[in-house]
Amino acid sequence: MLRIQRKMKSLYFMSTMLIILCLSVIVGCADNRAEPSKASAEEVGQQIEKAVSLDEMKKRDKSKLQKLYSVESETVEDFILYTASSNVKADELLVLKVKETEQVAGVKEKILKRIEEQTVKFKDYRPDEYFLIENHVLAIKGRFILFAVSKDADFIEQAFNDAL
């Protein structure tokens, strides 16, 4: 009888340890980042700035966002916008967080229109800049939209994904 009790205690102890080990692995592997909806465009922008230099670009405001993309301010919860400081360069970076998920498709359409406009502008005039436009990044994650025209577009996209 004593032998059976020892085996039961041993089995109970091993089972408990196995459960603790499994829970530790699960908790250790959990993604501790904030939900995309809780992050801000500014925070995502800071993550991008750690990955690439935006020194040659100029930070823009809501009026420029409206002018370039025709996005109504009622749609936007938060955004960062950088454009080239010269109109002979195509570089752009937009990280935009819409207020409602349903608004993503409409904003995406407006960004696609901007891409078309820039394509027409640069196609025959500046082939190097046209190449950047053709290789742009347009990514959506939850209520966030990333649009990047840059030689570092892949790094920008990676930083965007890492931030969210």
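Refer to the structure presented above.
Residues numbered from 1 in each chain as written. Predicted model: local features only at pLDDT ≥ 70, side-chain atom pairs only at ≥ 80, totals over all residues. Heavy atoms only, no water.

Peer 1: I would appreciate a short explanation of the sheet that holds strand E5 (residues 144-149) in the present structure.
Peer 2: What holds strands together in a sheet is hydrogen bonding between their backbones, with the strands either parallel or antiparallel. A sheet is described by the order of its strands in space; here 5 strands give the open sequence E1-E2-E3-E5-E4, paired in antiparallel fashion. The two strands at the open ends of the sheet, each matched to only one other strand, are strand E1 (57-59) and strand E4 (137-141). Neighbour to neighbour, the strand axes of the sheet diverge by 15° on average, direction disregarded. As paired elements, strand E3 (residues 92-98) and E5 share 6 bridges and run antiparallel to each other. Residue pairing in the sheet places Leu94 in a bridge with Phe147 of E5. In the packing of helix H6 (residues 153-163) onto the sheet, the strands contacted are E3, E4 and E5, and the crossing angle to E5 comes to about 165°. (Pairing = 2+ DSSP bridges. Helix = DSSP H or I, 4+ residues; strand = E, 2+ residues; numbered from the N terminus. Axes fitted to C-alpha atoms, helices over the stretch in contact; angles between N-to-C directions. Contact = heavy atoms within 4.5 Å.)

Peer 1: Would you take a moment to explain the pattern of salt bridges for this structure?
Peer 2: Summed over the entire model, instances satisfying the criterion amount to 7 salt bridges. A salt bridge links Lys59 to Glu42, with the shortest nitrogen-to-oxygen separation between them at 3.5 Å. One end of the pair, Lys59, is in strand E1; the other, Glu42, is in helix H2 (residues 41-51), and 17 residues separate them in sequence. Among the ionic pairs, Glu129 bridges to Lys89, the shortest N-O distance being 3.6 Å. Of this pair, Glu129 sits in helix H5 (residues 127-134) while Lys89 is found in the loop between strand E2 (76-84) and E3, placing the two residues 40 residues apart along the sequence. What you see here is one network of salt bridges that share partners, running through Glu77, Lys97 and Arg143. (Salt bridge = Lys/Arg side-chain N within 4 Å of Asp/Glu carboxyl O.)

Peer 1: What is the right way to read the side chain of Glu92 from this model?
Peer 2: Tracing the sequence through the fold places Glu92 in strand E3. For Glu92, a relative accessible area of 3% puts it in the buried group. A distance of 2.3 Å separates a polar atom in the side chain of Glu92 from a polar atom in the side chain of Tyr69. With near-sequence residues (within four places) excluded, Glu92 lies in contact with Met57, Tyr69, Tyr82, Thr83, Arg114, Gln118, Phe147, Ala148 and Val149. (Buried < 20%, exposed > 50% of the residue type's maximum accessible area, 1.4 Å probe, protein only. Polar contact = N/O pair within 3.5 Å; in protein donor to acceptor, adjacent residues only side chain to side chain.)

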